[in-house]
Each structure stands twice: as C-alpha cells, then as structure tokens.
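Spelled out from the first residue to the last, the chains are:
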Amino acid sequence: MVLVDKRILAGGIAMIIAGIIVTIISAETPIGQSGMSEEEVIDLLIAEDQNQAYQMLSGILVGVGFLLVLISFGARRKKDSATRKEKKPAE
C-alpha cells in the first residue's frame, strides 16, 4: 500500500530545496557606509530591494513546497475509485 503520492512529494521536496538554496544565496545583506555618494545610495537601495525580493521568493518556495509535501500524504489513489457504488434508498 502506497502512503504518499510520489510525484507530488518529489515536487514539494524540490521546491523546499530550491527555497533553501535561494535563502542561502541571499543571506548576505547589503550594507551602507557613511559618506556615500548619491549614486552609491541608489545602488544600495536597489540591492536592498532585490535582497528583500529574493527572501520573499525563498519563503514562498519553501511554503508551497511544504504544502505539497503535506498534500502528498492525502493524495493517495484508492483502488476502485473509478467505479462508484450506488446505494439503494431505504423505503
């Protein structure tokens, strides 16, 4: 008896791994210094915005991957699911 749907489980685990990789890559936060020029400040703001977007993306990937892992436990295919048995109404 199969306890999980393996394709959904594999997809969920792959998304969790991708989210963790993006988290590790974007772990370095941009840091500003005193006396920066206007162009350097703009570049810093852009880098901070990109870092925040990567963190949000990694959170979404991990969250959806975790949901897929949970769904894989409830997505088992039951035998004889194509044939439905009708019950006769009680008289």
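Residues numbered from 1 in each chain as written. Predicted model: local features only at pLDDT ≥ 70, side-chain atom pairs only at ≥ 80, totals over all residues. Heavy atoms only, no water.

## Focus on the overall build of the protein chain
Across its full length, the protein chain carries two helices and zero strands. Buried residues in the protein chain amount to 14% of all 91 residues. Residue pairs in contact within the protein chain that sit at least 24 positions apart in sequence constitute 82% of those at least 6 positions apart. Roughly 8,000 Å² of accessible area belongs to the protein chain as shown, and the carbon and sulfur atoms make up 62% of that amount. (Helix = DSSP H or I, 4+ residues; strand = E, 2+ residues; numbered from the N terminus. Buried < 20%, exposed > 50% of the residue type's maximum accessible area, 1.4 Å probe, protein only. Contact = heavy atoms within 4.5 Å. Areas by Shrake-Rupley, 256 points an atom, 1.4 Å probe, with all protein chains shown as cover.)

## Some words on the environment of Glu40
With respect to the secondary-structure elements, Glu40 resides in helix H2 (residues 38–74). Residue class for Glu40 comes out partly exposed when judged on its relative accessible area of 41%. Among the polar contacts listed, one links the side chain of Glu40 to the backbone nitrogen of Ser37, at a separation of 3.1 Å. (Polar contact = N/O pair within 3.5 Å; in protein donor to acceptor, adjacent residues only side chain to side chain.)

## Details of the environment of Ile8
By the element assignment, Ile8 lies in helix H1 (residues 6–25). Separated by 59 residues in the primary sequence, Ile8 and Leu67 place their C-alpha atoms 9.9 Å from one another.

## Notes on the UniProt feature "transmembrane region" (unreviewed entry) in the protein chain
In the numbering used here, UniProt assigns the "transmembrane region" (unreviewed entry) feature to residues 7–27 and 53–75. In residues 7–27, helix accounts for 90% and strand for 0%; the two terminal C-alpha atoms are 30 Å from one another. (UniProt positions renumbered as here; feature names shortened; annotations may be inferred.)

## Points about H2
Across its 37 residues, H2 extends 55 Å between first and last C-alpha, which sits within 8% of the 54 Å expected from 1.5 Å per residue. Here the buried face of H2 lies against H1. (Expected span 1.5 Å × (residues − 1).)

## A look at the side chain of Ser72
Looking at the secondary structure, you find Ser72 in helix H2. Judged by relative accessible area, Ser72 falls into the buried class, the value being 0%. A distance of 2.6 Å separates a polar atom in the side chain of Ser72 from the backbone oxygen of Val69. Filtering out sequence-adjacent residues up to four positions away, Ser72 remains in contact with Leu3, Val4, Asp5, Ile8 and Leu9.

## Points about H1
In a regular helix each residue adds 1.5 Å, so 20 residues correspond to 28 Å; H1 covers 28 Å between its end C-alpha atoms and thus fits that length. Turning to H1, its buried residues number three or more, namely Gly12, Gly19 and Val22. The arc that holds the buried residues of H1, viewed along the axis, is 90°, so those residues lie on one side. Counted as exposed and oriented over 90 degrees from the buried face of H1: Lys6, Arg7, Ile24 and Ile25. Buried residues along H1 sit against H2. (Arc of directions from axis to C-beta.)

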